[in-house]
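# Secondary and tertiary structure notes
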Amino acid sequence: MTDGSTQVGNMRNGNTHVSNTHVSSTHFGVLSFPGSNCDQDVVHALEHLGYQASYVWHNQTDLGGCDALVLPGGFSYGDYLRCGAIARFSPVMESVKAFAAAGHPVIGICNGFQILTEAGLLPGVLLQNRDLKFICQSVHLRVEASVCQWIDLEPGSMIELPIAHGEGNYYCDELTLGRMEAKGQIVLRYCRPDGLVSMGSAAPNGSLDDIAGICNERGNVFGLMPHPERVSDGLNGRDGAYLFQAAVRRLEARALASSSGSVNAQGGIEGGTDGGTEGDAHVGSQSEEQANV
Amino acid sequence: MKRYQIHITGKQGIFDPAGAASKNALLTLGYEGLEDLRIGKFIELSCADDVSPAQVEEMCAKLLANPVIEDFRIEEIVGNTEVA
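No experiment lies behind these values; they were computed from the predicted model shown.

Looking now at the overall build of chain A. Summing up its helical and strand segments, chain A has seven helices and eleven strands in all. Here chain A, with 293 residues, has 56% of them falling under the buried criterion. Across chain A, contacts joining residues at least 24 apart in sequence account for 75% of those joining residues at least 6 apart. Surface accessibility of chain A: about 11900 Å² in total, with carbon and sulfur atoms responsible for 52%.

Take a look at the structure:
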C-alpha cells in the first residue's frame with residue numbers, strides 16, 4: 001500500500017475525510033484465517049474511509065465489540081477439500097453465526113463469500129469457474145433491487161469492481177433461486193458494459209443467472225465474489241467504497257434511532273448498534289427469516 | 001482398525017467442467033461412444049474399531065462432502081483387499 005506517499009491517492013484520502021462531515025466511529029472486525037490474503041487490503045480500505053478496523057484471528061471467539069464484520073478473500077486453509085469448507089469450522093465462526101443472527105452486518109468477499117455459503121449463512125455454493133481458469137479482471141456489475149444492507153445505490157445502477165478467483169461460479173438449485181429472487185436476495189449481477197444482463201452470458205465464470213453477490217433474507221449478511229476493498233481508496237476507482245459506506249450509513253441511522261428511542265424510554269443513551277430497532281428499514285423482512293440459509 | 005473408502009461425486013445436473021474437458025480430450029483421442037465422464041473425489045479413512053459407520057456418514061455430511069452439490073457413498077473395507 002502507499003501510505004505516506006504524496007501521490008494523488010493520498011490527497012484524495014485527505015479529501016475524503018474533509019468531504020465527510022464527521023469521522024465515523026464505526027468499528028469493523030476483519031477476520032484472518034490461515035491463508036487469508038486480502039485482510040490487510042480490507043483494513044487499508046476501511047481506514048482510508050475513516051473507519052476503525054481491527055483483525056480478528058480465526059481461533060479467537062471474541063469479536064472485540066465490533067459493529068460489522070468482514071470475511072476477506074484469500075485461500076483459507078489452502079482451499080483444501082472445498083473453498084471455505086475447513087474455515088467454516090474455525091472457532092471464530094460460531095461467533096460470526098451469533099453476530100449474524102443478531103442482525104449485525106457481515107460481508108464475505110471472494111473466499112469470505114465461499115466460507116459464508118459453506119457455513120450455511122448464505123444459500124448455494126461457489127463452483128469452479130466454467131472455463132477452469134483463474135480469472136483476474138475488472139467486471140461491470142448491475143445493482144439489483146434487494147434487501148441487502150450493504151448497498152443503497154438505486155437498482156439498475158452500475159458499478160465496476162475487480163474479480164480474482166478460480167471458484168466463483170455461483171450455483172444453487174432452482175427452488176432456492178426462485179426464493180432468493182422473490183425475497184430480494186440477489187444483490188449484484190455481472191453485466192455487460194452497457195448495463196445489460198443476459199442471463200448467464202455476462203458472467204465470466206459461468207455463474208447461474210449472472211449472479212455476483214447475494215444476501216440472506218434479512219439483508220445483513222452479504223457475500224460477493226468481486227473485491228470492493230481493492231477499489232476503495234481512489235487509486236483504481238472508488239466503486240468499492242459504496243458498499244462499506246452504505247453499511248455504515250445504515251448502522252449510524254440505526255444507532256441514532258436506537259439512542260433516541262432509549263432517551264425516550266429510559267432517559268439515557270444506549271449507543272449500541274444492535275439490530276431489531278424501530279428505525280431499521282429491514283425490520284419487516286427480519287420477521288420472515290427462516291432457518292434455510 | 002477399520003477402513004472406509006468414500007466416493008464423492010457431483011450431483012446430477014451440476015456441470016463438471018473438469019469432467020467435460022477430460023471427456024472431450026478422450027473423444028479427440030478417438031475414443032468414440034463416450035457418453036459421460038464425471039470427476040469426483042476418493043477418500044480413504046482408517047479409524048479405530050469403535051468408530052461407527054454412522055459417524056463416518058456424519059463426517060461426510062458435515063465436512064467431506066457438500067450436500068448442495070455432492071453425493072457420497074461409503075464402503076467399509078474388510079480384510080486387506082483394496083476393493084470391497
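Our focus in this paragraph is the sheet that holds strand β1 (residues 2–10) of chain B. Residue and element names in this part refer to chain B. Read across the open sheet, the three strands follow the order β2-β1-β3; overall the sheet is antiparallel. Strands with a single pairing partner mark the edges of an open sheet, and in this sheet they are β2 (41–47) and β3 (70–77). Taking the axes of each pair of neighbouring strands and ignoring which way they run, one obtains an average angle of 20° across the sheet.

Quick look at the interface of chain A and chain B now. Interface extent is often summarised as the accessible area lost during association of the parts. Contacts between chain A and chain B engage 15 residues on the former and 14 residues on the latter. Roughly 1200 Å² of surface becomes buried between chain A and chain B when both sides are summed, with 70% attributable to carbon and sulfur atoms. Broken down residue by residue, the surface that chain A buries against chain B is led by A:Leu81, A:Arg82 and A:Tyr171, which jointly contribute 42%. Between A:Arg82 and B:Glu70 there is a salt bridge, with its nearest N and O atoms 3.7 Å apart. Linking chain A with chain B are five residue pairs in polar contact (both at pLDDT 80 or more), by the criterion used here. Considering only residue class, the side of chain A that touches chain B consists of eight nonpolar, three polar and four charged.

Moving on to the environment of A:Arg88. Inspection of the secondary structure puts A:Arg88 in the loop between β3 (68–71) and α3 (92–101). Expressed as a C-alpha distance, the spacing of A:Arg88 and A:Glu118, which sit 30 residues apart in the sequence, is 6.3 Å. Engagement of the side chain of A:Arg88 in a polar contact is seen with the backbone oxygen of A:Glu118, the distance being 3.2 Å. Within the structure, the side chain of A:Arg88 is placed 3.2 Å from the backbone oxygen of B:Lys62, a separation counted as a polar contact.

Bringing the packing of aromatic side chains into the picture now. Residues and elements named next belong to chain A. On inspection of all chains with the given rule, the structure shows four aromatic pairs over all chains. For the ring pair Phe28 and Trp150, a centre distance of 6.3 Å and an interplane angle of 50° mean the geometry is tilted. Placement of the pair is Phe28 in strand β1 (residues 27–32) and Trp150 in the loop between β6 (135–143) and β7 (158–165), with a sequence separation of 122 residues. Since its relative accessible area comes to 0%, Phe28 is described here as buried. Aromatic rings pair up to connect Phe28, Tyr51, Trp150 and Phe244 into one cluster.

So, on to the environment of A:Ser232. All names here are of chain A. For Ser232, the position within the fold is in the loop between β11 (221–224) and α6 (241–266). Classification of Ser232 by relative accessible area gives buried; the value is 0%. Counting along the chain gives twelve residues from Ser232 to Phe244, while the straight-line C-alpha distance between them is 8.9 Å. Other than its neighbours up to four places away in sequence, Ser232 contacts Ala45, His48, Leu49, Gly237, Arg238, Gly240, Ala241 and Phe244. Only 2.8 Å separates the side chain of Ser232 from the backbone oxygen of Pro228, close enough to count as a polar contact.

In a beta sheet, neighbouring strands are held together by backbone hydrogen bonds and run either parallel or antiparallel to one another. Residues and elements named next belong to chain A. Taking strand neighbours across the sheet as the criterion, the nine strands line up as β2-β1-β3-β4-β11-β10-β9-β6-β7 in an open arrangement whose pairing is mixed. Strands at the two margins of the open sheet, each flanked by one partner only, are β2 (52–57) and β7. Sheet twist, expressed as the average angle between the axes of neighbouring strands with direction ignored, equals 25°. Relative to strand β4 (residues 106–109), β3 runs parallel, the two sharing three bridges. Looking at β4, one finds that Leu71 is bridged to Gly108. The strands touched by α3 within the sheet are β1, β2, β3, β4 and β11, with β3 carrying the most contacts at an inclination of about 135°.

All names here are of chain A. The residue Leu81 is not glycine, and still its phi comes out positive at about 70°. Within the fold, Leu81 resides in the loop between β3 and α3. When its relative accessible area of 26% is taken as the criterion, Leu81 is described as partly exposed. Phi is positive for Cys110, close to 60°, though the residue is something other than glycine. Mapped onto the secondary structure, Cys110 falls in the loop between β4 and α4 (111–118). For Cys110, a relative accessible area of 5% corresponds to the buried category.

Along its twelve residues, helix α1 (residues 17–28) of chain B runs 16 Å from first to last C-alpha, staying within 8% of the 16 Å computed at 1.5 Å per residue. Backbone geometry just after α1(B) places B:Gly30 at a positive phi near 100°.

A few words on the environment of A:Ile135. Residue and element names in this part refer to chain A. Tracing the chain through its elements places Ile135 in strand β6. Judged by its relative accessible area of 11%, Ile135 falls in the buried class. As a C-alpha pair, Ile135 and Glu167 span 32 residues in sequence and 9.1 Å in three-dimensional space. Excluding residues that lie within four positions of it along the chain, Ile135 makes contacts with Asn129, Ile163, Ala164, His165, Pro204 and Asn205.

How each quantity is defined
Residues numbered from 1 in each chain as written. Chains lettered and ligands numbered in written order. Predicted model: local features only at pLDDT ≥ 70, side-chain atom pairs only at ≥ 80, totals over all residues. Heavy atoms only, no water. Helix = DSSP H or I, 4+ residues; strand = E, 2+ residues; numbered from the N terminus. Buried < 20%, exposed > 50% of the residue type's maximum accessible area, 1.4 Å probe, protein only. Contact = heavy atoms within 4.5 Å. Areas by Shrake-Rupley, 256 points an atom, 1.4 Å probe, with all protein chains shown as cover. Pairing = 2+ DSSP bridges. Axes fitted to C-alpha atoms, helices over the stretch in contact; angles between N-to-C directions. Buried area = accessible area lost by both parts, 1.4 Å probe. Salt bridge = Lys/Arg side-chain N within 4 Å of Asp/Glu carboxyl O. Polar contact = N/O pair within 3.5 Å; in protein donor to acceptor, adjacent residues only side chain to side chain. Nonpolar A, V, L, I, M, F, W, Y, C, P; charged D, E, K, R; others polar. Phe/Tyr/Trp six-rings, centres within 6.5 Å; stacked < 30°, edge-to-face > 60°. Expected span 1.5 Å × (residues − 1).

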